[in-house]
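So you can see what is in the structure, the chains are spelled out below.
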Amino acid sequence: QVQLVESGGGLVQAGGSLRLSCAASGRTFSSYAMGWFRQAPGKEREFVAVISWSGGSTYYADSVKGRFTISRDNAKNTVYLQMNSLKPEDTAVYYCAAGLLTDWRALIRPNSYDNWGQGTQVTVSS
């Protein structure tokens, strides 16, 4: 089990950037694939990006590809989401999650993750 705490959300104008962080507790952080998801009001939670336990592999939703970058620092037990060229449709609560699966087809689904943070609000104004 890991406990996750997100930070870095806020209000930004369209075209701007934000960097989200997710700090994890526990010695087994480096064993987990880490994902970012988001949920807008009235919508289902959707996949944003995932990174493998080593950081060597990443996968992105088409809607953020080329604008967002996921990375991790296992020495600091932290995963990041750099968000550039933000759009109003990126407005949502962003969650990080930890999972032990290795199949990307599974890791794009929220129910593949056992551990979730509390979320951080990102609001992009037009």
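Before going into details, it helps to say that this report is about the structure given with it.

The rules we used
Residues numbered from 1 in each chain as written. Predicted model: local features only at pLDDT ≥ 70, side-chain atom pairs only at ≥ 80, totals over all residues. Heavy atoms only, no water. Helix = DSSP H or I, 4+ residues; strand = E, 2+ residues; numbered from the N terminus. Rg over C-alpha atoms; globule rule 2.2 N^0.38 Å. Buried < 20%, exposed > 50% of the residue type's maximum accessible area, 1.4 Å probe, protein only. Contact = heavy atoms within 4.5 Å. Areas by Shrake-Rupley, 256 points an atom, 1.4 Å probe, with all protein chains shown as cover. Pairing = 2+ DSSP bridges. Axes fitted to C-alpha atoms, helices over the stretch in contact; angles between N-to-C directions. Phe/Tyr/Trp six-rings, centres within 6.5 Å; stacked < 30°, edge-to-face > 60°. Lys NZ or Arg CZ within 6 Å of the ring centre and 35° of its normal.

### Side note on the overall build of the chain
- Along the backbone of the chain there are one helix and 11 strands.
- Along the chain, helices (α) and strands (β) appear in the sequence β-β-β-β-β-β-β-β-β-α-β-β when read from the amino end.
- For a compact globule of 126 residues, the expected C-alpha radius of gyration is about 14 Å, and the chain comes in at 13 Å, within 12% of that figure.
- Expressed along its principal axes, the backbone C-alpha trace of the chain runs to roughly 40 × 25 × 25 Å.
- Put simply, the chain has 126 residues, and 45% of those count as buried.
- Long-range contacts, defined here as pairs at least 24 residues apart, represent 60% of the contacts in the chain between residues at least 6 apart.
- Looking at the chain as shown, the accessible area adds up to about 6,500 Å², and 48% of this sits on carbon and sulfur atoms.

### Some points on the sheet that holds strand 8 (residues 78–83)
- Here four strands make up an open sheet; going across it, the order is 1-3-8-7 and the pairing antiparallel. Of all strands in the sheet, those with a lone pairing partner are strand 1 (4–7) and strand 7 (68–73), marking the two edges. Going from strand to strand, the sheet's axes swing by 15° on average, the running direction of each strand aside.
- Here strand 1 runs beside strand 3 (residues 18–24); their pairing, made up of four bridges, is antiparallel. Paired with serine 7 across the two strands is serine 21, which belongs to strand 3.

### A look at the packing of aromatic side chains
- Inspection of the entire model under this criterion finds seven aromatic pairs.
- When the centroid spacing of 5.2 Å and the interplanar angle of 80° are considered together, the rings of phenylalanine 37 and tyrosine 113 count as edge-to-face. Here phenylalanine 37, found in strand 4 (residues 33–39), pairs with tyrosine 113, found in the loop between helix 1 (104–107) and strand 10 (115–116); they are 76 residues apart in sequence, far enough to count as distant. Neither residue differs from the other here; phenylalanine 37 and tyrosine 113 are each classed as buried.
- Aromatic ring contacts, followed pair by pair, group Phe37, Phe47, Tyr59, Tyr95, Trp104, Tyr113 and Trp116 into a single cluster.
- Sitting above the plane of the tryptophan 116 ring, arginine 45 keeps its charged end 4.8 Å from the centroid.
- Geometry around phenylalanine 29 places arginine 72 over its ring, the cationic atom sitting 4.5 Å from the centre.

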